[in-house]
Amino acid sequence: MKKPHQLISDRWSPVAFDSKEVDFDQIHLLFEAAKWAPSAMNSQPWRFIFATKKMSEYKTLLGLMNEDNQLWAKSAPLLVMPLAQVISTYKNRPNRLALYEVGMAVGNLLLQATAMGLMVHQMSGYDVDRAKEELIIPTRYEPMSIMAIGYKGDPAQLPKDVAARERRERTRNENSKFLVAGKCK
Ligand SMILES: Cc1cc2nc3c(=O)[nH]c(=O)nc-3n(C[C@H](O)[C@H](O)[C@H](O)COP(=O)(O)O)c2cc1C
């Protein structure tokens, strides 16, 4: 079976990050990639909260995560939280596609990161209610994942059971499990 493009096949979610910083030019490029994602009516219903390790908000983002995630994510030099604008400013209507569109922006960011030799590990294991409060997220936005971003690190710096996650086999469903010819039944 042929593999997809290398930018796709090279991406995976590490638990070990190097302490090397992601500089602001690189951070800018990541969001430049995200911003060129398509969206209905070009509404671009995304926001990204970011914090580098030097920023006080880094600790806030880290503190939202469950303990298992904090354990490895704390070595990542950059944390990013994508937000979806689920209530449009146009007549305050719900935007049912906002999550889909933020996902595309994040997909772009993942490809750009891979092209730049950066690794991204996303997590949903964090306190969403506390995130809304502590990060002062406007009510029309819904927080998505938190992304830990940085360069590949040495898993030996982590507890053995955590480090072992990097050696786990990566698998996916067979195409037949999600592909539907024509209609669903
Ligand atoms: C929305 C989302 C939420 C995730 N939540 C967590 C999480 O809380 N903790 C964690 O360690 N990994 C989390 N992951 C990482 C997935 O487990 C990982 O992407 C999946 O196992 C596939 O592995 P791969 O990214 O290496 O291809 C999350 C990934 C996504 C996209």
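Residues numbered from 1 in each chain as written. Predicted model: local features only at pLDDT ≥ 70, side-chain atom pairs only at ≥ 80, totals over all residues. Heavy atoms only, no water.

Description of the packing of aromatic side chains
Here is the rule: What counts as a ring pair is set by centres within 6.5 Å for rings of Phe, Tyr and Trp (its six-membered ring), and what kind of pair is set by the plane angle: stacked under 30 degrees, edge-to-face over 60, tilted for all other angles. Only runs of H or I of at least four residues qualify as helices and only runs of E of at least two qualify as strands under DSSP, and these elements are numbered from the N terminus. Only protein chains enter the accessibility calculation, which uses a 1.4 Å probe; a residue is then buried when its area is under 20% of its type maximum, exposed when over 50%, and partly exposed in between.
For the structure on display, the rule yields three aromatic pairs. Arranged with centres 6.3 Å apart and planes meeting at 75 degrees, the rings of phenylalanine 24 and phenylalanine 50 form a pair that is edge-to-face. Within this pair, whereas phenylalanine 24 is found in helix H2 (residues 24-35), its partner phenylalanine 50 is found in strand E1 (residues 46-52), the two being separated by 26 residues in sequence. Residue class for phenylalanine 50 comes out partly exposed when judged on its relative accessible area of 28%. With centroids separated by 6.0 Å and ring planes inclined at 50 degrees, the aromatic side chains of phenylalanine 31 and phenylalanine 50 adopt a geometry described as tilted. Taken as a pair, phenylalanine 31 in helix H2 and phenylalanine 50 in strand E1 lie far apart in primary sequence, 19 residues in all. Residue classification places phenylalanine 31 among the buried residues on the basis of a relative accessible area of 18%.

With respect to the pattern of salt bridges
Between side chains of opposite charge, a pair can form as their charged atoms come close. In plain terms, the rule: One side-chain nitrogen of Lys or Arg within 4 Å of one carboxyl oxygen of Asp or Glu is enough to make a salt bridge.
According to the stated counting rule, one finds six salt bridges in the structure shown. Glutamate 32 serves as the salt-bridge partner of lysine 35, at 3.1 Å between the closest nitrogen and oxygen. Here lysine 35 and its partner glutamate 32 are both found in helix H2, three residues apart, which amounts to about one turn of the helix. Note on lysine 35: relative accessible area 39%, which makes it partly exposed. With a shortest N-O distance of 3.5 Å, arginine 130 and aspartate 127 are connected by a salt bridge. Residues participating in the shared-partner salt-bridge network are Asp127, Arg130 and Glu134.

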